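Understanding the architecture of this molecule
Each chain, letter by letter, is given below.
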Amino acid sequence: MSDDIYSFEDALRYSEKQPPTTEHKEIRFSIKINVDGKNDGVMAGIVARAQSLHGYDSNFIEYNVDNFPPLIWLWDREQQVILVEKKTSVFQNASSACKAFEVLANNIELAEINIRAEIEPILNSVSKSFWEEYDSFESVESVRFELTPPNLFGSTEKEMQKALNDTTENTNANKVITTFENRDAKLNLKSEGFIGNLVNWCRKGGGHWIMKGLKSGRSKSSRISSEKVAKIITMEGKGITEIELRQYSVSDLKEIMGIYRPQYDYDDNRNSIKVRLND
């Protein structure tokens, strides 16, 4: 296990005491760690995005109040996955939840060792979602893949990993963008080989894609991105509440992870939000 991943956890602990702020010193996101299994590879707590409540009191005096509606989050070091409670009034989609944790993690703890956290949603099901969207177009003009080179993961998509690592070593890039385009909207992609690897890499949390083309019966181009098919994990019963979380021990959290891990495992036959740390 790379030391970088422990630094990522330390960065979240740092943000608990020193939350990220705007240039006007206003808090952007707040995070609390209720269960911290530093030796066991699990963490859990509450996270919130700053909102402002505007209204009037009983004397019709106008007011603005800071509001931090809480969401439950769980961290699994073994899979390097963050599970975040789905509440669209706080985070509209999985990508916005990813960006929130990037802001929380990319503080002085990571900056001092010259690394940065990049977080992407793991996409739902197998790679069919990309090809189903592709087939729904009458004609495709372009597909753009934005990939995050790995430095923590094992042998998933070996050829893609080697290519991205080689590119990173030669260029120091922390994003690799590949665009396939046919200006006559006659793009023709096949699921095998290089394209298949790109799709699978994005599905496992290694980036995202954007597709542009013409849908049947429409005169204007449509644009679809991968964020609409982020993986959703359903917990039996009521799930976990903020009150219950305060009572959980590390062993309780490990047991929960063990039950639900098969649903978000990044292996090909299984699949939330995944962290990648880049030099």
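Residues numbered from 1 in each chain as written. Predicted model: local features only at pLDDT ≥ 70, side-chain atom pairs only at ≥ 80, totals over all residues. Heavy atoms only, no water.

1. What to know about the pattern of salt bridges
Note the threshold: Take a side-chain nitrogen of Lys or Arg and a carboxyl oxygen of Asp or Glu: if they are within 4 Å of each other, that pair is a salt bridge. Only runs of H or I of at least four residues qualify as helices and only runs of E of at least two qualify as strands under DSSP, and these elements are numbered from the N terminus. The buried label goes to any residue with under 20% of its type's maximum accessible area, the exposed label to any with over 50%, and the partly exposed label to all in between, with areas taken from a 1.4 Å probe on protein chains only.
This structure, assessed with the given rule, holds 14 salt bridges. When the shortest N-O distance is used, the salt bridge between Arg13 and Glu9 registers 3.9 Å. With a gap of four residues between them, Arg13 and Glu9 both fall in helix α1 (residues 3-17), about one helical turn apart. As far as the burial class goes, Arg13 and Glu9 line up, both buried. Across the salt bridge formed by Glu85 and Lys87, the nearest N and O atoms sit 4.0 Å from each other. Relative accessible area serves as the criterion here: at 29%, Glu85 is assigned to the partly exposed category. Relative accessible area serves as the criterion here: at 26%, Lys87 is assigned to the partly exposed category.

2. So, helix α6 (residues 193-206)
Within α6, twelve of the 14 residues are buried, leaving the element largely enclosed by the surrounding structure. When we look at burial in α6, the residues that qualify are Ile195, Gly196, Asn197, Leu198, Val199, Asn200, Trp201, Cys202, Arg203, Lys204, Gly205 and Gly206. Gly207 sits one or two positions beyond α6 and adopts a positive phi of about 155°.

Note that every value here comes from positions in space, so none of it alone points to a role or purpose.
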